[in-house]
Amino acid sequence: MRKTHPSITPDELAHLKSKVEHTWGRTIKISADCEKLQQHMQQTIGAGISANTLRRIFGFLNGGGIPSLQTKNLLAQYCGYASWDHLQQTEVETTASNISDESMFFLDFFRIEVKSEGDINYHNACRSVAKRILGNATLFNRLAEPLAQNKTAQVFFYERFPYIDGLGLDYYLRGLRLYLHHKKTTEAQIFGHALLFLSHFLQNKKGEATAVYEQLLRIKPNASVHDFVQARNLGSRILYKKCMAKEPVETELEQVHQLAAKHPKPLQVAFWAFPYFQFMIADYLNLAGLYEESEKVVTPFRRLNGNTIFIEQGYGEAWEAIWQIALHKSQPTVFAHWFEHFDWDSLHYLFYRFYRLQAIRAYCSLPQAKHSKALREEQAALIKSTGFHFLKSSS
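Residues numbered from 1 in each chain as written. Predicted model: local features only at pLDDT ≥ 70, side-chain atom pairs only at ≥ 80, totals over all residues. Heavy atoms only, no water.

Q: So what about the nonpolar core? Which residues, and what values?
A: By size, the foremost hydrophobic cluster in this structure holds 109 residues, and its most contacted members are Phe110, Ile133, Phe157 and Phe279. Counting residues per element, this core draws most heavily on helix α11 (residues 186–202), at 10 residues. Excluding anything up to four places from it in sequence, Ile133 contacts Phe106, Phe110, Leu139, Phe140, Leu143, Leu147 and Phe157. Counting 22 residues, the second largest nonpolar core, distinct from the first, contains Ile8, Met41, Ile45 and Ile49. (Core = buried A, V, L, I, M, F, W, Y, C linked by side-chain atoms within 4.5 Å. Buried < 20%, exposed > 50% of the residue type's maximum accessible area, 1.4 Å probe, protein only. Helix = DSSP H or I, 4+ residues; strand = E, 2+ residues; numbered from the N terminus. Contact = heavy atoms within 4.5 Å.)

Q: Which residues make up the packing of helix α1 (residues 10–24) against helix α4 (residues 69–78), and what values do they have?
A: For the pair α1 and α4, the least separation of the axes is 9 Å and the interaxial angle reads 40°. The two elements α1 and α4 meet at a crossing, and its hand is left-handed. Together, Leu16, Val20, Thr23 and Trp24 of α1 and Lys72, Leu75 and Tyr78 of α4 make up the contact between the two elements. Of the residues that constitute the contact of α1 with α4, the class distribution is 5 nonpolar, 1 polar and 1 charged. (Axes fitted to C-alpha atoms, helices over the stretch in contact; angles between N-to-C directions. Left-handed = near helix turned anticlockwise from the far one by under 90°. Nonpolar A, V, L, I, M, F, W, Y, C, P; charged D, E, K, R; others polar.)

Q: Lay out helix α7 (residues 120–134) with the relevant residues and their values.
A: With 15 residues, α7 should cover 21 Å at 1.5 Å per step; its first-to-last C-alpha distance of 20 Å lies within 8% of that length. Among all positions in α7, only Tyr122, His123, Cys126, Val129, Ala130, Ile133 and Leu134 are buried. An end-on view of α7 places all buried positions within 125° of arc, on one side of the element. Every exposed residue of α7 that faces more than 90 degrees away from the buried side is listed here: Asn121 and Ser128. (Expected span 1.5 Å × (residues − 1). Arc of directions from axis to C-beta.)

Q: Could you give an account of the side chain of Arg177, naming the residues involved and the relevant values?
A: Relative to the helices and strands, Arg177 is located in helix α10 (residues 170–182). Among buried Asp, Glu, Lys and Arg side chains, Arg177 stands out as unpaired, with Asp170 the closest opposite charge at 6.5 Å. Other than its neighbours up to four places away in sequence, Arg177 contacts Gly80, Leu196 and His200. (Lys, Arg positive; Asp, Glu negative; His and termini not counted. Salt bridge = Lys/Arg side-chain N within 4 Å of Asp/Glu carboxyl O.)

Q: Would you mind going over the pattern of salt bridges in detail, with residue names and values included?
A: Here the idea is simple: oppositely charged side chains can pair when their charged atoms come close. This model, assessed by the stated rule, comprises 9 salt bridges. A salt bridge links Glu293 to Lys296; the shortest N-O distance between them is 3.7 Å. With a gap of 3 residues between them, Glu293 and Lys296 both fall in helix α16 (residues 291–302), about one helical turn apart. Sharing partners across several salt bridges, the network here consists of Arg237, Lys241 and Glu252.

Q: Would you mind going over the packing of aromatic side chains in detail, with residue names and values included?
A: Given two aromatic rings, their pairing is described by the distance between the two centres and the angle made by the two planes. All chains considered together, the criterion is met by 31 aromatic pairs. Taking 4.0 Å as the distance between ring centres and 15° as the angle between the ring planes, the aromatic pair formed by Tyr213 and Tyr240 counts as stacked. Remark: Tyr240 occurs in helix α13 (residues 227–244) and Tyr213 occurs in helix α12 (residues 206–217); sequence separation between them is 27 residues. With respect to burial, Tyr213 and Tyr240 carry one shared label: buried. Ring geometry for Phe279 versus Tyr315: centroids 6.0 Å apart, planes at 45°, classification tilted. (Phe/Tyr/Trp six-rings, centres within 6.5 Å; stacked < 30°, edge-to-face > 60°.)

All quantities given are derived from atomic positions and should not be read as evidence of function.
Here's what the structure looks like:
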C-alpha cells in the first residue's frame, strides 16, 4: 500500500508558527493570545481563523494539530506571502546557501555608511539598484527581509523608490509588510499602510482595503511627517470615503486646500525643490474623480518658471501627467493633444503603467478619442500585468 505523507512536517509546522509570531511581533505564550492573534489577522488580511483552530495549532487544545490547506494559506498570507506554497518556495530561495553573489553585492551596497540623506550620488546609485531588485521577483524575495531590517535600505530602497506599478505583485506586498514590521516610526507606518491600502483599492479588493484603512485611521500623524506621506494619508481617506463608503468629502477637501496653501512654492528638501504635497494629493484626487479639485491644486505651479521645480527625471513628467489628467474634462482638446504626443518613455520606471492606465482611461472617455484596437489591447494588457482593475472603469 502506498504510504501517504503528512500535509505538513513537524519542522514545517514549527517554522510556520515562528513566522506567525514574528509577523505579530509577540510570542504566543498563553491560550488567550490566540484570541488576540485572531483579531490581528482579521485586521491585517480581512480574514481570520477561529481562536480554537489557533489554539490547536499552538498546542493549547488537543486533537487536529495539523492545519488544513486553507488554514495554512491564511497563515501564510498573514505573514506576507500569497499562499502556503509561495511561503515554502520563497523559504527555499532565501536560504543562505542560495544567496547569490549579486544578492550579497546589493546587501553590501546598503551597508555603506551614508553621511547624509542628501547624498545625490548615493541616491542615483540606489535608483539603479532598486530598478534591478524590483524587477526580479526571485531577487526581491531573497533580499526583502534583510533590506527591511537595514536602516539605510529602509530609506533608500523602500521609501525613496515605492514601486507603484508593483502594488499588485505579491512579492512586493510581502516586502512592504516586512518593512512595516521592522520600522515602527509614525511616518513609516502611515507610508506603508497607505501603499497597502492603495494596492487593495486599485485591485478592487474592498474587504482588504477596508481592513488596512481601519489600521491607517489608528495611526496619528505628527508635524514631522513628510509632505508625500501626509498627502498619502489624506488621499487614502478621500478614496475610501468618496469611492468605497460613498460619503461626502467636504471636510477632507477643505484640509487639502489648507495644506496646499501652506506651501505656495516648491518645498526644498535636500537637493530637490518640488511641490511634494500638491503632486501626491492631486494624484489621489484624480483617482477619486475629483478632477476640478485636482486642477485647483496643480494649476498654480504650472505658472511657475520651469527652473523653480527640480526633481529627478521621471517625476517632472509624472507631474505633467497628473496635471493633464486633471484637466481632461475642462480642456479635452488640450488633453487629447498631449496624450497623443507625450513621450511616455520619459516616465519613471516606478509608475509608468500606473499613469499610462489613468491617461488611457481619461482619453477613452472623450468624444474625440481615437479608439484604436491597439489602445484597447494595451489597456487590457496593462490591467492584466498590474491587477489595477479599478482603472478599467470610466473616468
